[in-house]
Amino acid sequence: MTLKIYGPTASRAARALWICHELGIPFEHVPTEMKDTKTDAYKAINPNGKVPAMVDGDVTLFESMAINTYLAAKHGKNGFWPAGVADQGRVHQWSFWGMTELEKPLLTILMDMFMTPPDKKNPAAVAEAQAALPKPLKVLDAALAGREHLLGSAFTVADLNLASILSWAKPIRYDFSATPNVAAWLDRCLGRAAFKAARGQK
Ligand SMILES: N[C@@H](CCC(=O)N[C@@H](CS)C(=O)NCC(=O)O)C(=O)O
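Residues numbered from 1 in each chain as written. Predicted model: local features only at pLDDT ≥ 70, side-chain atom pairs only at ≥ 80, totals over all residues. Heavy atoms only, no water.

A. View of unusual backbone geometry. A cis amide bond links V51 with the next residue in sequence, P52, at an omega value of 5 degrees. One non-glycine residue, N78, lies in positive phi territory at about 50 degrees. Within the element layout of this structure, N78 appears in the loop between helix 3 (64–75) and helix 4 (85–114). Even without a glycine there, the phi angle at R173 is positive, about 55 degrees. Position of R173 among the secondary structure elements: in the loop between helix 7 (157–166) and helix 8 (180–190). For R173, a relative accessible area of 75% translates into the label exposed. (Helix = DSSP H or I, 4+ residues; strand = E, 2+ residues; numbered from the N terminus. Buried < 20%, exposed > 50% of the residue type's maximum accessible area, 1.4 Å probe, protein only.)

Structural data, given as structure tokens:
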């Protein structure tokens, strides 16, 4: 088997694991732990010393969104990777947008809640992160009005990439009452069998 995804399930590698399950492609999961990402052997795969990384034959990639758009473009069927450049542009739009507008505040809250020892907690940073989320989520809510998924009725890699970032809103119990379209869409995406399979759930 030539396709390998590196990184533990409880990391951004979950995004790449989800798409492999969604696409139904054979792959090997190498659950390289964070502490093992600074070795020369691992840095030959991802010189950043971070997960995820992907090796597909002679193609090696880092960056979760790049891995996912590559795999979607290579294997996506029935519009999962959209055919036209306009919709492909929208895939990139929502993927970059999720990384730049949502990921940092979500991660700040998540880390403070679950990883930070009590004496190191930073309520000011958490409050700033909480304050940063409503504006972009309103944008997403408006984009989802009257549609099941970001590009229309079908679930595509745009939904997978953005929902994989927003999945962090679940453990932090983010209150989506002001953005009901986002709440319903996120539940639709995270209810997919492939998302559960990537987490080892049924
Ligand atoms: N933008 C990168 C972020 C990668 C990243 O920061 N991964 C974390 C785990 S989720 C990591 O490897 N951290 C270890 C470290 O920073 O030393 C991506 O989306 O792939």
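B. Layout of the packing of aromatic side chains. Scanning all chains against the criterion turns up six aromatic pairs. Relative to Y42, the ring of Y6 lies with its centre 6.1 Å away and its plane at 65 degrees, an arrangement referred to as edge-to-face. With a gap of 36 residues between them, Y6 in strand 1 (residues 3–6) and Y42 in helix 2 (residues 40–43) connect regions that are remote in the sequence. Each of the two residues, Y6 as well as Y42, counts as buried. With a centroid separation of 5.0 Å and an interplanar angle of 90 degrees, the aromatic rings of W94 and W97 are classed as edge-to-face. With a gap of three residues between them, W94 and W97 both fall in helix 4, about one helical turn apart. With relative accessibility at 8%, the residue W94 sits in the buried group. Clustering of aromatic rings is evident, with ring pairs tying together W18, F80, F155 and F195. Over the ring of W168 we find R15; its NZ or CZ atom is 5.1 Å from the centre of that ring. The positively charged end of R192 is found above the aromatic ring belonging to F155, 3.8 Å away from the centroid. (Phe/Tyr/Trp six-rings, centres within 6.5 Å; stacked < 30°, edge-to-face > 60°. Lys NZ or Arg CZ within 6 Å of the ring centre and 35° of its normal.)

Distances and angles like these do not, on their own, reveal function.
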